[in-house]
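Residues per chain, in single letters:
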Amino acid sequence: MARAIWSGSISFGMVSIPVKLFGATEGRDISFNQLHSTCGTRLKQVRWCPTDEVEVPWSETARGYEYTKGEYVVLTDEDFESLPLPSKHTIDLSAFVNEAEIDPIFYEKSYYLAPDERAEKPYALLLRALEKKGLTALATITMRKKEQLCALRPRDGVIMLETLYYPDEVRMEHGVKLDDSKVSDRELDMAFTLIELLKKPFDPSEYHDSYRAALGQLIEAKLEGRKVVKSPPTRDNNVIDLADALRKSVEAAKKNGKPKPAARTRARAPARRTRKVG
Amino acid sequence: MPSQIEEVLEQLDTRAPKLTLEVGGHELAVTSLDKPLWPGAGRRKAITKRDLLRYFARVSPWILPHLSARPVFATRFPGGVDSKSFYQKHWDGPPPFVRTVTIYSSHGEGDGEYIICENLPTLLWLAQMSALELHAWFSRVEREPDARGLGRRFHGSEAALDRSVLNYPDFVVFDLDPYEYSGKEARGAEPELHRRAFNRTRTLALRIREMLERLGLATWIKTSGRTGLHLYLPIVRDIDFDGAREVAQTIAQHALRERPREVTLEWSVERRRGKIFFDYNQNSRGKSLAAPYSPRRHQGGTVATPVSWDELEEIYPTDFTILTVPDRLEAAGDPWKGILEAKQDLGGVLSAGSTP
């Protein structure tokens, strides 16, 4: 498994369960670096002070909050340390709710919680209890200097930690108004028919980021020094390619397939386990 | 149901652990009828040798046409699928109702006697020996209807066999085998069946079918009985096994180019991980996949089952077991009926359709 991004303990009444947190999702976007196009050097970001016209080292930087245009209040490290963060290394369970009560809009990011050594027993107890009761625990956790609301839910033999947005981080007003649109029963029936046609179980493996795949191939092709084709061939071209290739194999096969003299030197198919299990 | 099958089923409908079956005018001693061949688990009952005999009897009208005139070899599991198995190609002194053929073996063994399973007594005799996985050659010993010019001498030398009709397969086969692990496998074990891998394999099979359909070629599909799918492209027999393998390889390489992240042609099992192994090397004389309707060694008594392309989206390999397949066949018949009549002239189709 990947490296833990947080460790601490779940605090649940009198019980404390040491756990580690692992990311359950990862963005797969391909990222780029900026280069100088004439020499290919990777560009460096410079912190530049336009007043003093100097490059500024990290040690001379400060964090300022812009309270009004061009006016800042400066916060120091001591200021930050004085802030109350009670759940620094604990996940404090505060309530249990039904999972369905949490609107998906609140979910931010998913993590796996794994028990520390020797904490399997209480971890399993909490997991089983949540499973049996069909409940999700609400809790707070401090990650990256921020106290975060989160939900702990059982899934497939593991406790998931889902960070949640606070209510004031969710935009509830959406500005969509449908008062004037009337929908007839016939139109609704048509929509039902279409939906029935496309209804199927959710299978995430069917969905791929085709842009990313194409980008990955483009990069691989560049690496191998191959000429990169600007527009990938369409499927029809593919089939024509295949037809040509197949025609060649069939023609060759027919030529070779004629009865031939006894001694054959052609290589046989490489030996492989003869018993097929699959 | 033909009366011969009904008679067999009636005779098996007893509590006796062994008996002498009368079938087609022959006598066949069957023993250890209550021995579990596939162990039970939880609420699932064990499948016994009696169940296997019943299965073969009931599916015989549909399995025999697929085995007809083809040398067959079998994997035998005398102690059930969880115990030792052995692989049998040559049989000494089979009963008189078993058709045999002598074939030269290219592995230095000289001539050997192979069996051909084309009647009910032979099928039941194989079941009695717990020969539950049947592998039939892709070529046949008969010349009709499309290989009249080829030889029928199979013994004596490799050259004779090369010139014979047994060197010319009825199908080009594509074996799609997902190497995507569920995570529950023991170290070094083959991947277990799971939905994600099967869905990906199904998608690849559909794509291959679409590709070949655009070239004017029809393909047929069956479950392997485990995790994979087998596509068959029935062909006129003017291409030998080496040629069929080249055709399959061309298609495999095309699929790899088109879907490099999903398809692998790697020999090293480790490097197949996470991809679908497109095995074109089954197109070799003497190699074979599990025959249509052959039971497999896997839990629950799954069966390698022909399906129609239309139903492929809805099926899952474990739908088809020794206990379910007979009802399916009796209700709906064989989706592969007529596969041998559907032979396609690869050379002709490909040169006629050069611009689709």
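Residues numbered from 1 in each chain as written. Chains lettered and ligands numbered in written order. Predicted model: local features only at pLDDT ≥ 70, side-chain atom pairs only at ≥ 80, totals over all residues. Heavy atoms only, no water.

A tally of helices and strands in chain B yields 9 helices and 15 strands. Evaluated residue by residue, chain B yields a buried proportion of 58% over its 356 residues. Long-range pairs, those at least 24 residues apart, make up 67% of the contacts in chain B between residues at least 6 apart in sequence. Looking at chain B as shown, the accessible area adds up to about 14000 Å², and 47% of this sits on carbon and sulfur atoms. (Helix = DSSP H or I, 4+ residues; strand = E, 2+ residues; numbered from the N terminus. Buried < 20%, exposed > 50% of the residue type's maximum accessible area, 1.4 Å probe, protein only. Contact = heavy atoms within 4.5 Å. Areas by Shrake-Rupley, 256 points an atom, 1.4 Å probe, with all protein chains shown as cover.)

What follows deals with helix H4 (residues 210–223) of chain A. The terminal C-alpha atoms of H4(A) lie 20 Å apart, and with 14 residues this matches the ideal 20 Å at 1.5 Å per residue to within 8%. For H4(A), every residue scored as buried is listed here: Leu215(A), Gly216(A) and Ala221(A). (Expected span 1.5 Å × (residues − 1).)

Next up on the list: the sheet that holds strand S11 (residues 220–223) of chain B. All names here are of chain B. The strand order across the open sheet formed by 6 strands is S13-S14-S10-S12-S11-S15, and the pairing between neighbours is mixed. One side of each edge strand has no neighbouring strand; the edge strands of this open sheet are strand S13 (263–264) and strand S15 (306–307). Bridge count between S11 and S15: 2 bridges; the pairing is antiparallel. In the sheet register, Ile 221 faces S15, and the bridge partner there is Val 307. Contacting strand S10 (171–178), S13 and strand S14 (276–279), helix H6 (residues 241–258) crosses the sheet at an angle of about 40° to S10. (Pairing = 2+ DSSP bridges. Axes fitted to C-alpha atoms, helices over the stretch in contact; angles between N-to-C directions.)

This next bit is on the pairing of S14(B). Residue and element names in this part refer to chain B. Both faces of S14 are covered, namely the face carrying Ile 276 and Phe 278 and the face carrying Phe 277 and Asp 279. Both S13 and S14 contribute to a ladder of 2 bridges, which runs parallel. Paired with Thr 264 across the two strands is Phe 277, which belongs to S14.

To continue, consider the confidence of the model for chain A. Residues and elements named next belong to chain A. Across chain A, the average pLDDT comes to 79, with 83% of residues at or above 70. At the low end of the mean pLDDT range in chain A sits helix H5 (residues 235–257), at 73; at the high end sits strand S11 (residues 158–164), at 94. In the model, residues 227–235 has pLDDT below 50 throughout and makes 7 contacts with residues more than four positions away in sequence or in other chains. (pLDDT = per-residue confidence, 0-100.)

On to the pattern of salt bridges. Two side chains that carry opposite charge are able to pair once their charged atoms sit near each other. All names here are of chain B. A complete count under the given rule lists 36 salt bridges over all chains for this structure. With its nearest N and O atoms 2.8 Å apart, the salt bridge here joins Arg 285 to Asp 162. One end of the pair, Arg 285, is in the loop between S14 and S15; the other, Asp 162, is in helix H4 (residues 158–163), with 123 residues separating them in the sequence. A relative accessible area of 13% places Arg 285 in the buried class. Glu 213 is the partner of Arg 209 in a salt bridge, and the nearest nitrogen-oxygen pair spans 3.5 Å. Taken together, the positions of Arg 209 and Glu 213, both in helix H5 (residues 195–214) and 4 residues apart, correspond to about one turn of that helix. (Salt bridge = Lys/Arg side-chain N within 4 Å of Asp/Glu carboxyl O.)

Inspection of the secondary structure assignment puts Gly149(B) in the loop between strand S9 (131–136) and H4. Considering only alpha carbons, one finds Gly149(B) and Arg163(B), 14 residues apart in sequence, at a separation of 9.9 Å.

Turning to the packing of aromatic side chains, a few remarks are in order. Residue and element names in this part refer to chain B. Under the criterion given, the structure shown has 12 aromatic pairs over all chains. In this structure an aromatic cluster arises from ring pairing among Phe 138, Phe 171, Tyr 232 and Trp 336. Here the basic side chain of Lys 89 rests over the ring of Phe 73, its NZ or CZ set 5.7 Å away from the ring centre. Cation over ring: Arg 272 sits above Tyr 179, and NZ or CZ is 5.0 Å from the ring centre. (Phe/Tyr/Trp six-rings, centres within 6.5 Å; stacked < 30°, edge-to-face > 60°. Lys NZ or Arg CZ within 6 Å of the ring centre and 35° of its normal.)

We now examine unusual backbone geometry. Cis rather than trans, the peptide bond between Glu144(B) and Pro145(B) has omega equal to -5°. Secondary-structure assignment places Pro145(B) in the loop between S9 and H4. With a phi angle near 55°, Asp156(A) is a residue other than glycine that sits in the positive phi range. Even without being glycine, Tyr293(B) reaches a positive phi, approximately 70°. Mapped onto the fold, Tyr293(B) is located in the loop between S14 and S15.

This part covers the nonpolar core. The nonpolar side chains of a soluble globular protein tend to be buried with one another. With 90 residues, the main nonpolar core has Phe56(B), Leu124(B), Ile251(B) and Phe278(B) as its most contacted residues. With 10 residues, helix H2 (residues 49–67) of chain B is the largest single contributor of residues to this core. The residues contacting Phe56(B), other than those within four sequence positions of it, are Ile63(B), Leu120(B), Leu123(B), Leu124(B), Ala127(B), Ala131(B), Leu132(B), Leu134(B) and Pro295(B). With 24 residues, the next largest nonpolar core counts Trp6(A), Ala139(A), Leu152(A) and Val158(A) among its residues. (Core = buried A, V, L, I, M, F, W, Y, C linked by side-chain atoms within 4.5 Å.)

On the surface, a nonpolar cluster with roughly 430 Å² of combined accessible area is contributed by Phe12(A), Met14(A), Val15(A) and Phe96(A). By relative accessible area, which is 86% here, Met14(A) ends up exposed. (Patch = residues over 30% accessible without salt bridge, like charges linked within 9 Å, V, L, I, M, F, W, Y side chains within 5 Å.)

By the element assignment, Glu262(B) lies in the loop between H6 and S13. Remark: the alpha-carbon pair of Glu262(B) and Phe277(B), spanning 15 residues in sequence, is separated by 8.7 Å. Those residues in contact with Glu262(B) that lie beyond four places of it in its chain are His208(A), Arg200(B), Lys275(B) and Ile276(B).

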